[in-house]
Protein chains: 2
Amino acid sequence: MAVQYILGLDFGTDSVRAVVVNAQSGKEEANQVAYFKRWTKGQYCDPARNQFRQHPQDYIDSMEEAVEGALAQLPSSAGEAVAGIGIDTTGSTPCPVDRGGTPLALKAPFKDNPNAMFVLWKDHTAVKEAEQINELARSWGGVDYTKYEGGIYSSEWFWAKILHVLREDPKVAAEAHSWVEHADWMPALLTGNTDPLTLKRSRCAAGHKAMWHPEWDGLPSEEFLVKLDPLLKGLRERLFRETYTSDVKAGELTEEWAGRLGIPAGIAVAVGAFDAHIGAVGGGIGPATLTKIMGTSTCDMIVAPDAEVGDKQVAGICGQVDGSIVPGLIGLEAGQSAFGDVYAWLVNLLYWPLQYAESVPDDPETKEKLRQDIKDKLLQNLTEEAARIPPGQSGLLALDWLNGRRTPDADQSLKGAIIGLSLGTDAPRIFRALVEATAYGSRAIVERFRNEGVAIQDVVALGGIAQKSPFVMQVTADVLNMPIKVATSEQTCALGAAMFAAVAAGIYNNVAEAQEKMGSGFSRTYTPDAANAKVYDRLYEQYLQLGRTLEQQLREL
Amino acid sequence: MAVQYILGLDFGTDSVRAVVVNAQSGKEEANQVAYFKRWTKGQYCDPARNQFRQHPQDYIDSMEEAVEGALAQLPSSAGEAVAGIGIDTTGSTPCPVDRGGTPLALKAPFKDNPNAMFVLWKDHTAVKEAEQINELARSWGGVDYTKYEGGIYSSEWFWAKILHVLREDPKVAAEAHSWVEHADWMPALLTGNTDPLTLKRSRCAAGHKAMWHPEWDGLPSEEFLVKLDPLLKGLRERLFRETYTSDVKAGELTEEWAGRLGIPAGIAVAVGAFDAHIGAVGGGIGPATLTKIMGTSTCDMIVAPDAEVGDKQVAGICGQVDGSIVPGLIGLEAGQSAFGDVYAWLVNLLYWPLQYAESVPDDPETKEKLRQDIKDKLLQNLTEEAARIPPGQSGLLALDWLNGRRTPDADQSLKGAIIGLSLGTDAPRIFRALVEATAYGSRAIVERFRNEGVAIQDVVALGGIAQKSPFVMQVTADVLNMPIKVATSEQTCALGAAMFAAVAAGIYNNVAEAQEKMGSGFSRTYTPDAANAKVYDRLYEQYLQLGRTLEQQLREL
């Protein structure tokens, strides 16, 4: 049989990665990243207000650049061998679209309006709206629509963001016919069906972020939405009722996009889904395995048979949705709002004196490169020195909620804290305390799942931190007191997307078969140290106590 | 009348300063600092264990260097016009001495033994001993000897330090016949009377730090001390019963020291006292004026007529002693264990990445100079940026106990904290929060005095921070909601010492007369901003709440 390739497109926070995967072996034949240009310059964002928006043109430009770059690494015939496309994106990252499904920012009057763009997952401008959704869901007398999303709706999610933008921007509100998730829009664009009413919506996005559930026939009722705000009147009917898992074909690649990307027209494009969920599949997820995607934040994924979870709602997580990760199993999602971002915060803090050296060189790109090199070196030095401090000997205790808390019990109004400072507290001690704090945050998620009856027997780690920081991984294994296996593939999101597309293209019968044939295995296992685990058992209790003690005061700051 | 000079010697934490003061006008004619050489190199100290020791030879060498340097700035006849010497030092800074009153570290077998040296005020190795003193004072059934020292004995003080050293070092314990405060030893040395039984001991040191009080005829009873630890048996009789205020002559300058310093033999050397107390006199202290000496830490001083304080013990301060500041008035002392040190902590933290640049230059002195210049520049940049953040807008709340808490309610086991961290928290925001926290710490002292019936009508600020940081001073005035006057003299400690020596030498009849003739007045007043004061009223309550919430957990870290 002739070799078949699958194109996996992984849209992350800063860039898109195109990976050409061998459909038979799972081997990653070529791999190209392209950064979002407007985003990299900080356009349309206001970090002080936690406003993070992305321009749809960034996605288009970078996708073309990445695909072209990846194919250029292979013989010129490679493009012809591509048999399917799988796509994952960040989420919830919704965008207002017009009647034809075009993102408003692609229309001239809105081209520089951040409210007409994709509202990135980590945008926290909708804190108030999330609070109102939570209040109404509990008080309105009907079904609590948050119950399959952990019982607490987050400001990072679909409806909160939509409502915030509609309230803030009457011009956008007037023009927004419907809304699409980034994961829905990319396949829609490539298959030429962007009609908001018929494009194939992701089960994963809808079920985890949009309060979609078969129990109430899809999205929350019109009555509920109008009670929330009359601005939402009629929107439900302009959104969707059906949703699809990513083993389903969203459609076929159009002639136009085939030409632009240099691959065959008519090939299968799979329904999109969120990076974490698809990455978990790429990392080999199965029942009782917690898959932890560790980057700037974490996503913690489990799949469980319906019999294990049953009708029960798991409290305080980000959601439980049939088929949102692996078709046929309940996908459960949790996560930490900041993980690597917590370490990056300390590096940025320590970088502060160095900004004054930035007058040289003149060229912005060289400057950015230098800046990043210095920060990488700082992180490396911090890691080396912090690793020499024994567990619990920093003298410090920290809370890792620098970007709010996603799970357990979402609360974006929480903040971070460091206590125990003395005149001898130095940067490595603070770094160690922050690493320990993010590990305690991981443990709080594990304990919540177990307390809710979901079995966890082992942990698989994916993502940049898992690949690059043995120190962080060892501390996390010690705190969790469980071995952590690291997947061999550094591109499990793109690999997972390719697995789904291989099923959608008819190469495999189901996801388990694709995982077996295309999976990369594990490169390393971090085994917990028994003595350290004992120390951390005690410190973890102090962490929980500190959180309980400070929660109310942190919300008021 | 021919001009008369007084030599004021101010022994600080890092250096001694010699100031030649005109006895008639108070004008500072010459001024020379000399740093303690062994101390500057970090010898005999272990900051990680909070062990800070100073070698007596450092005091001798630096005193000679400073006096020589000051006199060299004046016509060669100036030395002959010196009519008295006044001395202040840090404290409680005790040292073990032999039968003749020689500090053990000046004897060959002990020359490099930190336990044979002066235990600097900020040494916190005696935390356990202070706890035992407090427990025993409450439980033994006799008088509570801590009652005139605020009711809580500190690890920074005389008996705790003595007991710690005796327990830790049997060789020192065997050789230590008696103990002297730095403030007692310097005049003793210069007047040739170092006999521990007859040298004139400072009322200030004894009353504030050694539980000396006329109510129980001097030091705590032998019974109490032996109950505390049999190691203390007999020591009481080898210490002292009488104490003296600094308007009293300790003795006359010996021929030997007259020769070494280049000033006349036989001139009056006043009894020594602590820098803060003497500095308050140099700054013009009088009833209802809180004098705040603001440097690495603060000392907060008030004098009150006996009628105002009466028999009442003011709770949670560092002590109340008749004549410890101004003879004839009750001297009340409080303070913050870290003030400028809190800012220096942040600067050191931010300096961490810069340490890697330290390979150049090679020469240690140039290196240290560069290091200090960079740190000064950092502090200046932090100040400029923090000053632009409105009150209460850092998003942070901090506790200033990075070196424990001295008052109210001494507790060296407390630590600092910063809460409210977000991914947008930068160095200037942290600096602003720390400055606000040290100001809240100042306010907690003011409120304690007022709650205990001690009137405070205005504030006079002395010390490095008062002179150099308008930003910190304005925040402090806003938080206290009181005007703060800054004394014109930058050397109020040396000036105050000179005032006392002028009385001891018979030039003036009493301290008030010396203050009137020699005082420097005020160079600047910081007036509180009413709107800011209102914001801080609210934030101060949050600070108090945070402290109450975290106290127990901070002690356990």
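1. Some remarks on the overall build of chain A
(1) Moving on: Each helix and strand in chain A was counted, giving 19 helices and 20 strands.
(2) Moving on: Along the first, second and third principal axes, the C-alpha set of chain A runs to 65 × 60 × 55 Å.
(3) Moving on: By the burial criterion, 62% of the 557 residues in chain A qualify as buried.
(4) Moving on: Within chain A, residue pairs in contact and separated by at least 24 positions form 73% of the contacts whose partners lie at least 6 positions apart.
(5) Moving on: A total accessible area of about 19,600 Å² is found for chain A, and carbon and sulfur atoms account for 49% of it.

2. Let's talk about the relation of the copies chain B and chain A
(1) Moving on: Each copy superposes on the other: chain B lies on chain A with an RMSD of 0.0 Å after a rotation of 180° and an axial shift of 0.0 Å. The transformation relating the two chain copies, once decomposed into turn and shift, fits a two-fold axis.
(2) Moving on: Most of the interface of chain B is mirrored in chain A, where 100% of its interface residues are also at the interface.

3. Regarding the domain arrangement of chain A
All names here are of chain A.
(1) Moving on: Looking at chain A, the domain boundaries give domain 1 (5-283 + 490-518) and domain 2 (336-488 + 527-556).
(2) Moving on: For domain 1 and domain 2, the distance between their C-alpha centroids amounts to 29 Å.
(3) Moving on: The interface is formed by 12 residues belonging to domain 1 together with 11 residues belonging to domain 2.
(4) Moving on: Here domain 1 meets domain 2 over a buried area of about 1,000 Å², counting both sides, of which 56% is carbon and sulfur.
(5) Moving on: Contact with domain 2 buries surface across domain 1, with His124, Ile152 and Glu490 losing the most and accounting together for 38% of the total.
(6) Moving on: With a closest N to O distance of 3.3 Å, arginine 406 and glutamate 156 form a salt bridge.
(7) Moving on: Joining domain 1 to domain 2, the criterion identifies three residue pairs in polar contact (both at pLDDT 80 or more).
(8) Moving on: In terms of residue class, the side of domain 1 that touches domain 2 is made up of four nonpolar, six polar and two charged.

4. Thoughts on the sheet that holds strand β15 (residues 330-336) of chain A
All names here are of chain A.
(1) Moving on: Read from one edge to the other, the open sheet built from seven strands follows the order β14-β15-β13-β12-β18-β19-β20, with strand pairing classed as mixed. Of all strands in the sheet, those bounded by a partner on one side alone are β14 (319-322) and β20 (522-526). In this sheet, neighbouring strand axes are inclined to one another by 25° on average, regardless of whether the strands run parallel or antiparallel.

5. Brief notes about the pattern of salt bridges
When the charged atoms of two side chains with opposite charge come close together, those side chains can pair.
Residues and elements named next belong to chain A.
(1) Moving on: The final tally for this structure, using the stated rule, is 65 salt bridges over all chains.
(2) Moving on: Linking arginine 371 and glutamate 368 is a salt bridge whose minimum nitrogen-to-oxygen distance equals 2.5 Å. Taken together, the positions of arginine 371 and glutamate 368, both in helix α13 (residues 364-386) and three residues apart, correspond to about one turn of that helix.
(3) Moving on: Residue classification places glutamate 368 among the partly exposed residues on the basis of a relative accessible area of 35%.
(4) Moving on: Among the charged side chains, a network of salt bridges with common partners joins Asp217, Arg236, Glu237 and Arg241.

6. Here's the deal with the interface of chain B and chain A
(1) Moving on: Chain B puts 41 residues into the contact, and the matching count from chain A is 41 residues.
(2) Moving on: Both sides of the chain B and chain A interface together cover about 3,700 Å² of buried area, and 69% of this is carbon and sulfur.
(3) Moving on: Looking only at chain B, the three residues that lose the most surface to chain A are Trp352, Leu423 and Gln553 of chain B, adding up to 20% of its buried area.
(4) Moving on: Linking chain B with chain A are 13 residue pairs in polar contact (both at pLDDT 80 or more).
(5) Moving on: Of all the secondary structure elements, the ones that give two or more residues to the side of chain B that touches chain A are α12 (340-351), α13 (364-387), β17 (416-421), α14 (427-451) and α19 (530-556) of chain B.
(6) Moving on: The element best represented in the side of chain B that touches chain A is α19 of chain B, accounting for seven residues.
(7) Moving on: One ladder, built from five bridges, connects strand β17 (residues 416-421) of chain A with β17 of chain B; its direction is antiparallel. When the bridges of β17 of chain B are listed, alanine 417 of chain A appears paired with isoleucine 419 of chain B.

7. Details of the nonpolar core
(1) Moving on: Judged by nonpolar contacts, the single largest core of 146 residues is most densely connected at Leu332 and Phe449 of chain A together with Leu332 and Phe449 of chain B.
(2) Moving on: With 45 residues, the next largest nonpolar core counts Tyr59, Ile85, Leu190 and Leu199 of chain B among its residues.

8. What about the environment of lysine 171 of chain B?
(1) Moving on: Within the fold, lysine 171 of chain B resides in helix α5 (residues 170-175).
(2) Moving on: The exposed category is assigned to lysine 171 of chain B, whose relative accessible area is 64%.

9. Overview of the packing of helix α12 (residues 340-351) of chain A against helix α14 (residues 427-451) of chain A
Residues and elements named next belong to chain A.
(1) Moving on: Interaxial distance between α12 and α14 falls to 9 Å at its minimum, and their mutual angle equals 160°. By the angle between their axes, α12 is roughly antiparallel relative to α14. Pair α12 / α14 crosses with right-handed handedness. The segment α12 lies against α14, with Val342, Tyr343, Trp345, Leu346 and Leu350 engaging Ala427, Ile430, Phe431, Leu434, Val435 and Thr438.
(2) Moving on: Residues of the contact of α12 with α14, tallied by class, amount to 10 nonpolar, one polar and no charged.

10. Examining the side chain of glutamine 412 of chain A
Residues and elements named next belong to chain A.
(1) Moving on: Topologically, glutamine 412 is positioned in the loop between β16 (397-399) and β17.
(2) Moving on: Glutamine 412 sits in the buried class, given a relative accessible area of 12%.
(3) Moving on: Within the local environment of glutamine 412, its side chain forms a polar contact with the side chain of histidine 124, the two groups lying 3.4 Å apart.
(4) Moving on: Not counting residues up to four positions away in its chain, the partners in contact with glutamine 412 are His124, Val127, Ser154, Ser155, Glu156, Ser337, Asn403, Gly404, Arg405 and Arg406.

11. Some thoughts on helix α17 (residues 492-504) of chain B
Note: α-helices contain 3.6 residues per turn, so residues at a spacing of three or four share the same orientation.
Residues and elements named next belong to chain B.
(1) Moving on: In this model, α17 (13 residues) spans 18 Å end to end at C-alpha, consistent with the 18 Å of a helix rising 1.5 Å per residue.
(2) Moving on: In terms of burial, α17 is a largely internal element, 13 of the 13 residues being buried.
(3) Moving on: At the exit of α17 stands glycine 506, carrying a positive phi of roughly 85°.

12. Topic: the confidence of the model for chain A
(1) Moving on: In the predicted model, chain A carries a mean pLDDT of 95, and 99% of its residues have values of at least 70.
(2) Moving on: Scoring the predicted complex yields pTM 0.84 and, for the interface, ipTM 0.83.

13. Concerning the sheet that holds strand β15 (residues 330-336) of chain B
Residues and elements named next belong to chain B.
(1) Moving on: Taken together, seven strands build an open sheet; the order of strands is β14-β15-β13-β12-β18-β19-β20 and the sheet is mixed. Edge positions in the sheet fall to β14 (319-322) and β20 (522-526), since each of these pairs with one other strand and no more. Averaged over all neighbouring strand pairs, the angle between strand axes comes to 25°, with direction disregarded.
(2) Moving on: Sheet analysis places strand β13 (residues 298-304) next to β15, joined by seven bridges and oriented antiparallel. Paired with methionine 301 across the two strands is glutamate 333, which belongs to β15.
(3) Moving on: Where α14 meets the sheet, its contacts fall on β12 (289-294), β13 and β15, and the angle it forms with β15 comes to roughly 155°.

14. Quick look at the side chain of histidine 208 of chain A
Residues and elements named next belong to chain A.
(1) Moving on: For histidine 208, the location among the structural elements is in helix α7 (residues 203-209).
(2) Moving on: Residue histidine 208 is classed as buried on the basis of its relative accessible area of 0%.
(3) Moving on: A polar contact is formed between the side chain of histidine 208 and the side chain of serine 324, at a distance of 2.7 Å.
(4) Moving on: Only 3.4 Å separates the side chain of histidine 208 from the side chain of glutamate 333, close enough to count as a polar contact.
(5) Moving on: With residues near it in sequence (within four places) discarded, histidine 208 still touches Glu149, Trp157, Arg203, His277, Cys318, Gly319, Gln320, Val321, Ser324, Gly331 and Glu333.

15. Some details on the state of the cysteines
(1) Moving on: Considering all chains together, one arrives at zero disulfides over all chains under this definition.
(2) Moving on: The thiol of cysteine 95 of chain A is unpaired, and the distance to the nearest cysteine sulfur, on cysteine 45 of chain A, comes to 14 Å.
(3) Moving on: Free cysteine: cysteine 493 of chain B, not disulfide-bonded; nearest cysteine sulfur from cysteine 299 of chain B at 9.2 Å.
(4) Moving on: The class of cysteine 493 of chain B is buried, set by a relative accessible area of 13%.

Cut-off values and rules
- Residues numbered from 1 in each chain as written.
- Chains lettered and ligands numbered in written order.
- Predicted model: local features only at pLDDT ≥ 70, side-chain atom pairs only at ≥ 80, totals over all residues.
- Heavy atoms only, no water.
- Helix = DSSP H or I, 4+ residues; strand = E, 2+ residues; numbered from the N terminus.
- Buried < 20%, exposed > 50% of the residue type's maximum accessible area, 1.4 Å probe, protein only.
- Contact = heavy atoms within 4.5 Å.
- Areas by Shrake-Rupley, 256 points an atom, 1.4 Å probe, with all protein chains shown as cover.
- Least-squares fit on C-alpha atoms with pLDDT ≥ 70 in both.
- Domains from an automatic or database assignment.
- Buried area = accessible area lost by both parts, 1.4 Å probe.
- Salt bridge = Lys/Arg side-chain N within 4 Å of Asp/Glu carboxyl O.
- Polar contact = N/O pair within 3.5 Å; in protein donor to acceptor, adjacent residues only side chain to side chain.
- Nonpolar A, V, L, I, M, F, W, Y, C, P; charged D, E, K, R; others polar.
- Pairing = 2+ DSSP bridges.
- Axes fitted to C-alpha atoms, helices over the stretch in contact; angles between N-to-C directions.
- Core = buried A, V, L, I, M, F, W, Y, C linked by side-chain atoms within 4.5 Å.
- Parallel < 35°, antiparallel > 145°, perpendicular 65-115°, else oblique.
- Left-handed = near helix turned anticlockwise from the far one by under 90°.
- Expected span 1.5 Å × (residues − 1).
- pLDDT = per-residue confidence, 0-100.
- Disulfide = S-S within 2.5 Å.

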